[in-house]
Amino acid sequence: MFKKILIANRGDIAVRILRACKELGISTVAVHSECDSNLMNVRLADESVCIGPNRSIDSYLNISSILSAAELTGTEAIHPGVGFLSENEKFARMVAEHNMKFIGPRPEHISMMGDKIAAKRTMKKLGIPVVTGSEGEIQSVEEAISIAEITGYPVIFKASSGGGGKGMKIANNSGEVANALKMAKAEAKANFGSNSVYMERYLAHPKHIEVQIIADNYGNVVHLGERDCSIQRNHQKLLEESPSSVISNDERNKIGEIVTKAVGEIGYIGVGTLEFLYENGEFFFMEMNTRIQVEHPITEMVTGVDIVREQIKIAAGEKLSFSQEDIKVTGHAMEFRINAEDPKTFTPSPGNIDELHFPGGNGVRVDSHIYRNYTIPPYYDSLIAKIIAYGKDRAECIAKGRRALSELVIDGISTTTDLHKKLLENSDIIKGEYDIHWLMDNLENI
Ligand code: ADP
């Protein structure tokens, strides 16, 4: 096992990784930008190194700074967390070239899945159903229109190297294609440095269902069931639950089998998530994330697997300690993302946390880095806490969630807490009857 790990991230996910390291007896190195020296993960780490100015590009995305910090501290492995460099092939390669272990998949799998067009092509070849659309990059308005005539409208243009719901534009008819394509290309270029976009049929009422997998170096691939992440705003997840109320045991086993077989065939190692749209009993692959996901705790709650701990053990060359037969999805879990933002407009609301009280008690888990009098800087993601509720069934989970959210106090900034409270009182949510469009369609009335 590693003796020392550097966590190349910040906030709640850095704390989560640090906790797994402590439990494994591994010492930790935190890296941070100038304004982040008072972060909880920095305070909890055994060592810390300032890696640059506040802008992410100068610090958390600064590969040479991070590698210098790692060399300086005698680090054996680097955990990239979520976002930032977690899906950066070059970073993964450079970590290996500096004789350290990148806690994630092989660089070639990061690049294969990072290009969403290549990822869809690979998965289709491996027998995984994909959303119908263009085979590759869209080259012209005419090409888009001729493909849309086959798939039918509406269609969605998506950035090939996209993420975070950016670079997506919808066209409802041929008259809207030129503008949607132009806007998607411009957004893709601005956010991801490439204007390559592809096109898919835009599904009317799908759910976002994703399957968590975990694979070791010895050919063992196990799936940990699914997460339903359909409650989204601007194509970004806000509330997730596991299991999904629309997926039967048979469907879970079937998609799990298809997915583990495909992942095994490409020789993927580490943790990963295959994201699907699910409509009328059919799964359509969208993309694979080659890293730990924000919403991993709900899977941990219903399977009892500590995913981050397993991820570190796999990187250290250990075998998976369980097989598919050992995995039983028991009970129900929900994650409520508490973001520092306006619950109606979703604009960020950084600032000082004047008062703070986190819930606890039976069936409640809190993953967070904030504390009383901590000032949230304006430079980074607005996620400040994840409240996770667990019950023996969905009804009990909702009751625990309501109770937990009622105890939560965060004063001084706007958060998404009240929105979650309202969601748990809504009859559609209580019945589990919602799709990916539900939140945006109902925002005014809840
Ligand atoms: P990103 O990597 O930016 O998160 P995804 O491909 O995962 O992009 O899509 C994000 C969300 O956008 C999905 O969860 C879904 O809500 C919506 N979406 C993407 N593709 C489609 C589609 N073909 N039809 C309907 N909704 C879609």
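Analysis parameters
Residues numbered from 1 in each chain as written. Predicted model: local features only at pLDDT ≥ 70, side-chain atom pairs only at ≥ 80, totals over all residues. Heavy atoms only, no water. 1 Å grid on protein atoms, 1.4 Å probe; cavity = no way out; pocket = protein on both sides within 12 Å on 5 of 7 lines; lining within 4 Å. Points joined across faces, edges and corners; volume = space filled by probe spheres on them. Helix = DSSP H or I, 4+ residues; strand = E, 2+ residues; numbered from the N terminus. Nonpolar A, V, L, I, M, F, W, Y, C, P; charged D, E, K, R; others polar. Near = heavy atom within 4 Å. Polar contact = N/O pair within 3.5 Å; in protein donor to acceptor, adjacent residues only side chain to side chain. Areas by Shrake-Rupley, 256 points an atom, 1.4 Å probe, with all protein chains shown as cover. Contact = heavy atoms within 4.5 Å. Domains from an automatic or database assignment. Buried area = accessible area lost by both parts, 1.4 Å probe.

Caption draft 1: Region of the structure containing the layout of surface pockets. What the second largest pocket holds in volume is close to 270 Å³. Along the wall of the second largest pocket there are 19 residues; nearest its centre are Lys101, Phe102, Gly104, Pro105 and Arg106. Counting residues per element, the ones that place at least two in the lining of the second largest pocket are helix 4 (89–97), strand 5 (101–102), strand 12 (270–279) and helix 11 (307–315). In terms of residue class, the lining of the second largest pocket is built from 11 nonpolar, 5 polar and 3 charged.

Caption draft 2: A look at the site of the ligand. Near the ligand you find 21 residues, and of these Gly165, Arg201, His208, Gln232 and Glu287 are the closest. Between the ligand and His208 there is a distance of 2.8 Å, counted from an oxygen atom to a side-chain nitrogen or oxygen. Between Gln232 and the ligand, the recorded distance is 2.7 Å, taken from a side-chain N or O atom to an oxygen atom. When the ligand sits alone it has 550 Å² of accessible area, and the protein chains cover 95% of it. Those elements that place two or more of their residues in the shell around the ligand are strand 6 (155–159), strand 8 (197–201), strand 12 and strand 13 (282–289). Grouping the amino acids of the shell around the ligand by side-chain chemistry returns 8 nonpolar, 6 polar and 7 charged.

Caption draft 3: Seen up close, the side chain of His223. Mapped onto the elements of the fold, His223 is located in strand 10 (residues 221–233). A distance of 3.2 Å separates the side chain of His223 from the backbone nitrogen of Gly225, its partner in a polar contact. His223 has contacts with Val211, Gln212, Ile213, Arg252, Gly256, Glu257, Thr260, Gln324 and Ile327, leaving out every residue within four places of it along the chain.

Caption draft 4: Region of interest: the domain arrangement of the protein. Looking at the protein, the domain boundaries give domain 1 (4–86), domain 2 (132–201) and domain 3 (207–445). On the side of domain 3, 26 residues touch domain 1, which itself brings 31 residues to the contact. Summing both partners gives a buried area of about 2100 Å² for domain 1 against domain 3, and 59% of it is carried by carbon and sulfur. Three residues, Asp12, Arg16 and Leu24, lead the burial of domain 1 against domain 3; their summed loss comes to 29% of the area buried on that side.

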